[in-house]
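Understanding the architecture of this molecule
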Amino acid sequence: MNDGAVLRVTGRVLVGPEEVRDELWVVGGRITFDRPAGARDVRTVHGWALPGLVDAHCHVGLDHHGAVDEATTEKQARADRDAGALLLRDAGSPADTRWTDDREDLPKIIRAGRHIARTRRYIRNYAHEIEPADLVSYVAREARRGDGWVKLVGDWIDRDAGDLTACWPRAEVEAAIAEAHRLGARVTAHCFAEAALRDLVEAGIDCVEHATGLTEDTIPLFAERGVAIVPTLVNIATFPALAAGGQEKFPRWSAHMNRLYERRYDTVRAAYDAGIPVFVGTDAGGSLAHGLVAGEVEELTKAGIPPLEALSATTWGARTWLGRPALDEGAPGDLVVYDEDPRADVRVLAAPRRIVLNGHVVG
């Protein structure tokens, strides 16, 4: 796809939160800030340029039934791309999406392998469902299968208890996280409630998804250990409907879900104020549509995170956290161009003017 064409981006290039340049070039699919000598076949794009957005929690190749076919997977990836999300952290999928790596017109994916859940304690057809004695071996398997991440299901509804409870004993999760780290992988976990958080963090976990159960007791622990959170507020918005559906059968769980929803913004703001790293993720796939990254950034600002920090949580900061370049010399030409300054109003993210992937305008 890199055919020798040269792209010039003019206007305001947001290399960092405060670092702005007047132009950049993409030659052979790579960014340079030096005007190429004798450049021909130059296409120019003008506007406010950002690094390709990051959705740090989505599920490509998954819907509410389980794994999907390649055509549906491609449609999901295109929806993210067309929203400006050019780097995706796939936080668990039973589908093999490696074939997308050969497609220069689709977003780059950092995979966490397949979810690892307790037996009958997660959504059917999504996860490896195992018992604690097998946790270490399955974590090792997914650490080798993924791209430097492993995903645990840290809590889920316990039908006997009628509420959310932790899925794993402390000793087993400690051993599993140690094994992932030995293999060079970071570990994240789905957690809605309060009960599992302390054990996971003290066991060395690197990130927690959703993290609606954070309290004044656990927030300092997360901050001290540098454990990141990906709040997925566009997904937390579904809690009232879920709670209503289970109110008759599981009233404790239903009331708990409603409490977690009601304090969601306060929880995220308290985490941010304490210095916990917060990143943008939508939980797209499963029951949510792909392409919601702009809405999640706006949700973070509703929670009280300053707009520039919310923007960084899907651009410069998120890429640094995931170990991927932004608008750096020699980096892949992955960027999104807008008509207005997204630092002034993050709602600008919902209307990209041009999307550039590997140096080619794809949207």
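The structure under discussion appears in the preceding block.
Right, let's walk through the structure included here. Since the model is a prediction, treat every value here as computed from it, not as a measurement.

**Some details on the overall build of the protein chain**
Helices and strands together make up the secondary structure of the protein chain, namely 12 helices and 20 strands. A compact globule built from 363 residues would reach a C-alpha radius of gyration of about 21 Å, and the protein chain, at 21 Å, matches this within 12%. Scored against the burial criterion, the 363 residues of the protein chain give a buried share of 55%. Within the protein chain, residue pairs in contact and separated by at least 24 positions form 66% of the contacts whose partners lie at least 6 positions apart. Just so you have it, the protein chain exposes about 14600 Å², and 46% of that area is on carbon and sulfur atoms. Across the protein chain, the mean location of the 43 positive side-chain charges is 2 Å away from that of the 56 negative side-chain charges.

**Observations regarding helix α8 (residues 251-262)**
Compared with an ideal rise of 1.5 Å per residue, which puts 12 residues at 16 Å, α8 spans 17 Å between its outermost C-alpha atoms and is within 8% of the ideal. Listing the buried residues of α8 in full gives Trp 253, Ser 254, His 256, Met 257 and Leu 260. Taken down its axis, α8 places every buried residue within 165° of arc, on the same side. Summarising the geometry of α8, the exposed residues directed more than 90 degrees from the buried face are Arg 252 and Glu 262. Looking at the buried side of α8, the elements it contacts are β12 (155-158), β13 (163-166), α7 (239-246) and α9 (264-273).

**Thoughts on the layout of surface pockets**
Of the voids in this model, the largest pocket is the one considered here, and its volume is about 580 Å³. At the level of elements, β5 (53-63), β12, α7, α8 and β17 (284-286) are the ones that each hand at least two residues to the lining of the largest pocket. A total of three residues in the lining of the largest pocket trace back to one element, the largest contributor, which is β5. Here the residues of the lining of the largest pocket are counted per class, giving 14 nonpolar, 11 polar and two charged.

**What to know about empty space enclosed by the protein**
Enumeration over the complete set of coordinates arrives at three cavities of 30 Å³ or more. As a volume, the largest cavity reaches approximately 60 Å³. As for the largest cavity, its lining consists of Gly 154, Ala 166, Cys 167, Trp 168, Val 173, Ala 196, Asp 199 and Leu 200. Of the residues in the lining of the largest cavity, the class split is six nonpolar, one polar and one charged.

**Notes on the pairing of β5**
Here β5 lies mainly inside the structure; 10 of its 11 residues are buried. Note that β5 and strand β7 (residues 85-90) share four bridges and pair parallel. Across the sheet, Asp 55 pairs through a bridge with Leu 88, a residue of β7. The pairing of β5 with β17 spans two bridges and is parallel. Counterpart to Cys 58 in the pairing with β17 is Ala 284. Of the strand pairs in this sheet, β5 and strand β6 (residues 66-67) are connected by two bridges, and their pairing is antiparallel. Within the sheet, the bridge partner assigned to Leu 62 lies in β6 and is Ala 67.

**Observations concerning the side chain of Arg 121**
With respect to the secondary-structure elements, Arg 121 resides in the loop between β9 (116-118) and β10 (128-130). Buried charge without a salt bridge: Arg 121, with Asp 158 as the nearest opposite-charge side chain at an N-O distance of 4.2 Å. In terms of polar contacts, Arg 121 uses its side chain to reach the backbone carbonyl oxygen of Trp 156, at 2.9 Å. Within the structure, Arg 121 has its side chain in polar contact with the backbone oxygen of Thr 165 (distance 2.9 Å).

**Considerations on the environment of Arg 159**
Relative to the assigned elements, Arg 159 resides in the loop between β12 and β13. Judged by relative accessible area, which is 49%, Arg 159 ranks as partly exposed. In sequence terms Arg 159 and Trp 253 are 94 residues apart; their C-alpha atoms lie 9.4 Å from each other. In this structure, Arg 159 is in contact with Arg 120 and Phe 250, ignoring residues within four places of it in sequence. Side-chain polar atoms of Arg 159 contact the backbone oxygen of Arg 120, separated by 3.5 Å.

**Some thoughts on the state of the cysteines**
Evaluation of the coordinates by the stated rule reveals zero disulfides. This cysteine, Cys 167, is not joined by any disulfide, and Cys 191 carries the nearest cysteine sulfur, 8.2 Å off. With relative accessibility at 1%, the residue Cys 167 sits in the buried group.

**Notes on the sheet that holds strand β1 (residues 6-14)**
Taken together, the seven strands give an open sheet; going across it, the order is β3-β2-β1-β4-β18-β19-β20, and neighbouring strands pair in mixed fashion. Unpaired on one side and paired on the other, β3 (30-32) and β20 (360-361) mark the two borders of the sheet. One ladder, built from eight bridges, connects β1 with strand β4 (residues 42-51); its direction is parallel. Each residue of the ladder has a partner; that of Thr 10, found in β4, is His 46.

Conventions adopted
Residues numbered from 1 in each chain as written. Predicted model: local features only at pLDDT ≥ 70, side-chain atom pairs only at ≥ 80, totals over all residues. Heavy atoms only, no water. Helix = DSSP H or I, 4+ residues; strand = E, 2+ residues; numbered from the N terminus. Rg over C-alpha atoms; globule rule 2.2 N^0.38 Å. Buried < 20%, exposed > 50% of the residue type's maximum accessible area, 1.4 Å probe, protein only. Contact = heavy atoms within 4.5 Å. Areas by Shrake-Rupley, 256 points an atom, 1.4 Å probe, with all protein chains shown as cover. Lys, Arg positive; Asp, Glu negative; His and termini not counted. Charge placed at Lys NZ, Arg CZ, Asp CG, Glu CD. Expected span 1.5 Å × (residues − 1). Arc of directions from axis to C-beta. 1 Å grid on protein atoms, 1.4 Å probe; cavity = no way out; pocket = protein on both sides within 12 Å on 5 of 7 lines; lining within 4 Å. Points joined across faces, edges and corners; volume = space filled by probe spheres on them. Nonpolar A, V, L, I, M, F, W, Y, C, P; charged D, E, K, R; others polar. Pairing = 2+ DSSP bridges. Salt bridge = Lys/Arg side-chain N within 4 Å of Asp/Glu carboxyl O. Polar contact = N/O pair within 3.5 Å; in protein donor to acceptor, adjacent residues only side chain to side chain. Disulfide = S-S within 2.5 Å.

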